[in-house]
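In case you want the letters, here they are:
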Amino acid sequence: MKAGMVQKIQDYPWCSMAEYLEGNNFLVDEEEKELILDRFNSDDEFRKFHDIEDQREYLELREELEEKKENRAIEIIEAHFIEKGIHDKRQLKDKEELISRLLKQSKLSYRKIAQITETSLNTVYLVSKNLKG
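Predicted, not measured: the structure shown is a model, and the values here were computed from it. (Residues numbered from 1 in each chain as written. Predicted model: local features only at pLDDT ≥ 70, side-chain atom pairs only at ≥ 80, totals over all residues. Heavy atoms only, no water.)

> It is not clear to me how the packing of helix α6 (residues 110-117) against helix α7 (residues 121-132) should be interpreted in this structure. Could you clarify?
When two helices pack together, their arrangement is given by the angle between the helix axes and by the axis-to-axis distance. Remark: α6 packs on α7, axes separated minimally by 8 Å, with the N-to-C direction vectors making an angle of 115 degrees. Every pair of crossing elements has a handedness; the one defined by α6 and α7 is right-handed. Facing Tyr 110, Arg 111, Ile 113 and Ala 114 of α6, the residues of α7 in contact are Leu 121, Val 124, Tyr 125, Ser 128 and Lys 132. Looking at the contact of α6 with α7 residue by residue, the class counts come to six nonpolar, one polar and two charged. (Axes fitted to C-alpha atoms, helices over the stretch in contact; angles between N-to-C directions. Helix = DSSP H or I, 4+ residues; strand = E, 2+ residues; numbered from the N terminus. Left-handed = near helix turned anticlockwise from the far one by under 90°. Contact = heavy atoms within 4.5 Å. Nonpolar A, V, L, I, M, F, W, Y, C, P; charged D, E, K, R; others polar.)

Right, here's the structure in full:
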């Protein structure tokens, strides 16, 4: 899906998901299939499980990883602004809470967090230090 070859994971010809849902036995052993499907209450639950966005890092290009981290940071910032009722970044008074959240959840470098939050690298470092002890 990331490469844009298919819209849905089950449409990829070498994906075993279709076998689990359609009953074909080409890629997956029948006993193994039963073991997996027994973990779900329904086919719909199995589908939903596969639709969950995975935030883990795999063997992706460095640029893709950085883009993924930056997109995650944008999601974190948007959620923070919604929670705080902020509509314009100029309304953000306490950047330390946002920096703390980005440090915990985004996997971005200190330098990138400083750039995104328009603060100094030293500020990010100090917030990080406060988190650790």
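> What am I meant to see in the nonpolar core here?
Nonpolar side chains in soluble globular proteins tend to be buried together. Core analysis: the biggest nonpolar cluster contains 14 residues, and Phe 81, Leu 98, Leu 102 and Ile 113 have the highest contact counts within it. Secondary-structure elements contributing two or more residues to this core are α4 (62-84), α5 (95-105), α6 and α7. It is α4 that provides the largest number of residues to this core, a total of four residues. Apart from the residues within four sequence positions on either side, Phe 81 is in contact with Ile 86, Asp 88, Lys 89, Leu 92 and Leu 98. If you look at the next biggest cluster of nonpolar residues, it comprises seven residues, including Met 17, Tyr 20, Val 28 and Phe 40. (Core = buried A, V, L, I, M, F, W, Y, C linked by side-chain atoms within 4.5 Å. Buried < 20%, exposed > 50% of the residue type's maximum accessible area, 1.4 Å probe, protein only.)

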